[in-house]
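Structure at a glance
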Amino acid sequence: MKALVYGGPGEKSWTEVPDPVILHPTDAIVRIDTTTICGTDLHILKGDVPAVQPGRILGHEGVGTVTEVGSSVSSLSPGERVIISCIKSCGHCGNCRKGLFSHCLGDEGQAGTGWIFGHLIDGTQAEFVRVPYAENSLHKLPHGVTDAEAVMLSDILPTAFEIGVQAGHVVPGDVVAIVGAGPIGLAAMATAGLHGAATVVAIDPDEGRLAKSRGFGATHTVNPSNPEWMADVLALTDGAGVDVAMEAVGIPETFDMALRLVRPGGHVANIGVHGKPVQLPLQDLWIQNINISMGLVNTNTTPMLLRLVAQHKLPADKFATHHFELEQIMDAYDTFSRAGETGALKVVLSRTSHD
């Protein structure tokens, strides 16, 4: 088969590799029908994730068709359409029993690490993928949900909802500010209403993304290039500050923006993946009674979110702005890496034929 193989910082190739095979009774082999590219993949290519070794097949999001199952797999059958979760779950370790799948203690990839696809084992940017702990790490797709919608449930929708909305303790009537209107920020806007957010403020310097944010649930937009940006946000809260500020970029400047916006007793939910240290001014923050949260998605809300997508209650289809055939993955990476120029949110790569 062919796959997108990491060759070291700045190096990748679409090349022939051996087909995956069943290694454990709990495995399944899935033919990839649709996959996509994540910002984390770009971090890997920059060399920011040293655990990813040359030769690794990248990708942790995908929708496909089961082609083979291990001897212990009874709830899945060849021919079924499935979502591949970005997080493994053995289903029986102490962490999995608590719903903390992000720190699954199963020894696939590495004990205690839930994100393994395209990281510690071969990933989904390929024609086929081996899925460990298949019964817990795959979700059957109902009729009526397209591949382009379903692939958004591999990562960005559960990540934004769990690490942004749930961890940020959004409650009905809240004013929520989301710093960053990329795919994760937009997913947070799309799911904030599930917990009753009354006002959702999108903050981003890209006017194109601000315009798109209205279609994902933002009630207001603010461009931080405007010197009065902070006053514009605080004006929506009678000067008190927002109830929940979500950071969805992953750089020190945007995290600082979230800290400045939150009211006393409020919540800062960090969703962004940070590659550099962030200074925490505890001498000013301790007296504010704020809560700061962060983490890796567990994907335990995926079944619920899938039901909402199936009922067209979440705009999953709007994330897919560019479509490519799987063989065009190098072009897709180029488009995604230049999102500021191309307007890309999520690039969707699909098999030429679903026969």
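Structure: above.
Model, not experiment: these values are computed from the prediction. (Residues numbered from 1 in each chain as written. Predicted model: local features only at pLDDT ≥ 70, side-chain atom pairs only at ≥ 80, totals over all residues. Heavy atoms only, no water.)

Here's the deal with the packing of helix 5 (residues 156–166) against helix 6 (residues 183–192)
Short version of the rule: Whenever a helix is involved, its axis is fitted only over the stretch in contact; in every case the axis is a line through C-alpha atoms, and angles between N-to-C directions fall within 0 to 180 degrees. Helix numbering and strand numbering both begin at the N terminus, where a helix is a DSSP run of H or I of at least 4 residues and a strand a DSSP run of E of at least 2. Here the word oblique covers every angle except those under 35 degrees (roughly parallel), over 145 (roughly antiparallel) and from 65 to 115 (roughly perpendicular). Here a crossing is taken to be left-handed if its near helix is turned anticlockwise relative to the far helix by less than a right angle, and right-handed if that turn runs clockwise. Working rule for contacts: check all heavy atoms of both residues, and any pair within 4.5 Å makes them a contact. Ten residues, namely Ala, Val, Leu, Ile, Met, Phe, Trp, Tyr, Cys and Pro, are considered nonpolar, four, namely Asp, Glu, Lys and Arg, are considered charged, and the remaining ones, Gly among them, are considered polar.
Contact geometry of helix 5 with helix 6 gives a least axis separation of 8 Å together with a crossing angle of 70°. Classed by the angle they form, the pair helix 5 and helix 6 counts as roughly perpendicular. The hand of the helix 5/helix 6 crossing is right-handed. The segment helix 5 lies against helix 6, with Ile 156, Leu 157, Thr 159, Ala 160, Phe 161 and Val 165 engaging Pro 183, Ile 184, Ala 187, Ala 188, Thr 191 and Ala 192. Taken together, the residues that form the contact of helix 5 with helix 6 break down as 10 nonpolar, two polar and no charged.

Observations regarding the nonpolar core
Rules: Among the buried residues, those of types Ala, Val, Leu, Ile, Met, Phe, Trp, Tyr and Cys that are joined through side-chain atoms within 4.5 Å form a nonpolar core. When a residue's accessible area, from a 1.4 Å probe over protein chains only, is under 20% of the maximum for its type it is buried; when over 50% it is exposed; and in between it is partly exposed.
Core analysis: the biggest nonpolar cluster contains 45 residues, and Met 152, Leu 157, Ile 178, Met 189, Met 246 and Phe 319 have the highest contact counts within it. Contributions of two or more residues to this core are made by helix 4 (147–150), helix 5, strand 8 (175–179), helix 6, strand 9 (199–203), strand 11 (242–247) and helix 11 (302–310). In terms of residue count, helix 5 provides more of this core than any other element does, six residues in total. With sequence-adjacent residues up to four places away left out, Met 246 is seen in contact with Gly 164, Val 165, Val 170, Val 176, Ala 177, Ile 178, Val 179, Ala 188, Ala 269 and Ile 271. In terms of nonpolar packing, the next biggest core, distinct from the first, is built from 29 residues, Leu 4, Tyr 6, Phe 324 and Ala 339 among them.

Overview of the pairing of strand 1 (residues 2–8)
The test is simple: Strand pairing follows a simple DSSP-based rule, namely that at least 2 bridges must link the two strands.
Burial analysis of strand 1 places five of its seven residues in the buried class, which makes it a mostly covered element. Two elements, strand 1 and strand 2 (residues 11–16), share six bridges in a ladder whose sense is antiparallel. Residue Leu 4 lies in a different strand from strand 2, and its bridge partner there is Trp 14. Between strand 1 and strand 2, which pair antiparallel and follow one another directly, the connecting turn spans two residues, one of which, Gly 10, has a positive phi of 80°.

Description of the pairing of strand 9
The two faces of the sheet receive side chains in turn, since in a regular strand these alternate between them. To keep things clear, this is the line we draw: Convention used here: a crossover is right-handed provided that the path from the first strand, over the helix, to the second strand proceeds clockwise when the strands point away from the viewer.
For strand 9, a buried count of five out of five residues is recorded, marking the element as mostly surrounded by other parts of the structure. Side chains of strand 9 alternate between two faces, with Thr 199, Val 201 and Ile 203 and Val 200 and Ala 202 buried alike. Pairing of strand 8 with strand 9, which is carried by five bridges, proceeds in the parallel orientation. Paired with Ile 178 across the strands is Ala 202, a residue of strand 9. A crossover connection joins strand 8 to the parallel strand 9 through helix 6; in handedness this β-α-β unit is right-handed. Pairing geometry for strand 9 and strand 10 (residues 220–222), over three bridges, is parallel. By the bridge assignment, Ile 203 is partnered in strand 10 with Val 222. Crossover strand 9 to strand 10 through helix 7 (residues 207–213) is right-handed.

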